[in-house]
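What follows is each chain in one-letter form.
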Amino acid sequence: MNGLRSDSFDHAVKTMKYETFVKDSQKAYDGANGDEPLGPGTPTVVINDKQVPEEIFGLLFEEDLFRELLTSAHRSPGWWKAYQPT
């Protein structure tokens with residue numbers, strides 16, 4: 001079993017095809033703060049440079065709710081900063 005190994009995978013690694021994606025992902029992770037040097041933990045979700053709080057992670061796993069979350073985030077970035085779980 002080769003796992004991830006393939007000619008296309010090896011080529012992507014050697015040419016650093018996804019370098020920008022990796023650097024942008026690291027930047028978003030670093031910007032989410034958390035317990036340094038460990039970072040904010042897993043999973044960490046950042047939308048519009050705002051970390052989604054753990055209390056609403058359930059929205060991330062239901063397609064319709066996730067769509068609503070993204071729509072809300074587009075209209076009002078970081079609205080969850082005022083969110084208070086009951």
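Residues numbered from 1 in each chain as written. Predicted model: local features only at pLDDT ≥ 70, side-chain atom pairs only at ≥ 80, totals over all residues. Heavy atoms only, no water.

## Quick word on the overall build of the protein chain
Okay, so step 1: Check the secondary structure of the protein chain and you find 3 helices and 2 strands.
Okay, so step 2: Taken from the N to the C terminus, the helices and strands of the protein chain come in the order α-α-β-β-α.
Okay, so step 3: Counting across all 86 residues of the protein chain, residues that qualify as buried make up 16%.
Okay, so step 4: Partitioning the contacts of the protein chain with sequence separation of at least 6, the portion at a separation of at least 24 is 30%. (Helix = DSSP H or I, 4+ residues; strand = E, 2+ residues; numbered from the N terminus. Buried < 20%, exposed > 50% of the residue type's maximum accessible area, 1.4 Å probe, protein only. Contact = heavy atoms within 4.5 Å.)

## Topic: unusual backbone geometry
Okay, so step 1: Within the chain, Met 16 stands out as a residue other than glycine whose phi angle is a positive 55°.
Okay, so step 2: Structurally, Met 16 is set in the loop between helix H1 (7-15) and helix H2 (19-31).

## Some words on the pattern of salt bridges
Okay, so step 1: Scanning all chains against the criterion turns up 4 salt bridges.
Okay, so step 2: Arg 5 is the salt-bridge partner of Asp 10, the closest N and O atoms lying 2.8 Å from each other.
Okay, so step 3: The salt bridge involving Glu 63 is made with Arg 67; its shortest N-O contact spans 3.0 Å. Taken together, the residues span about one helical turn, with Glu 63 and Arg 67 both in helix H3 (residues 63-75) at a distance of 4 residues.
Okay, so step 4: Beyond isolated ion pairs, a larger network of salt bridges with shared partners links Glu 63, Asp 64 and Arg 67. (Salt bridge = Lys/Arg side-chain N within 4 Å of Asp/Glu carboxyl O.)

## Quick look at the confidence of the model for the protein chain
Okay, so step 1: Averaged over every residue, the pLDDT of the protein chain is 77; the share at 70 or more is 77%.
Okay, so step 2: The least confident element of the protein chain, judged by mean pLDDT, is strand E2 (residues 50-51) at 74; the most confident is H1 at 92. (pLDDT = per-residue confidence, 0-100.)

## Overview of a nonpolar patch on the surface
Okay, so step 1: Residues Leu 4, Phe 9 and Val 13 make up a contiguous nonpolar surface patch of about 290 Å² in total accessible area.
Okay, so step 2: Mapped onto the elements, Phe 9 comes out in helix H1. (Patch = residues over 30% accessible without salt bridge, like charges linked within 9 Å, V, L, I, M, F, W, Y side chains within 5 Å. Areas by Shrake-Rupley, 256 points an atom, 1.4 Å probe, with all protein chains shown as cover.)

## A short note on the environment of Ile 47
Okay, so step 1: Along the chain, the position of Ile 47 falls in strand E1 (residues 46-47).
Okay, so step 2: Given the relative accessible area of 12%, Ile 47 is considered buried.
Okay, so step 3: In this structure the C-alpha to C-alpha distance between Ile 47 and Leu 70, which are 23 residues apart in sequence, comes to 8.0 Å.

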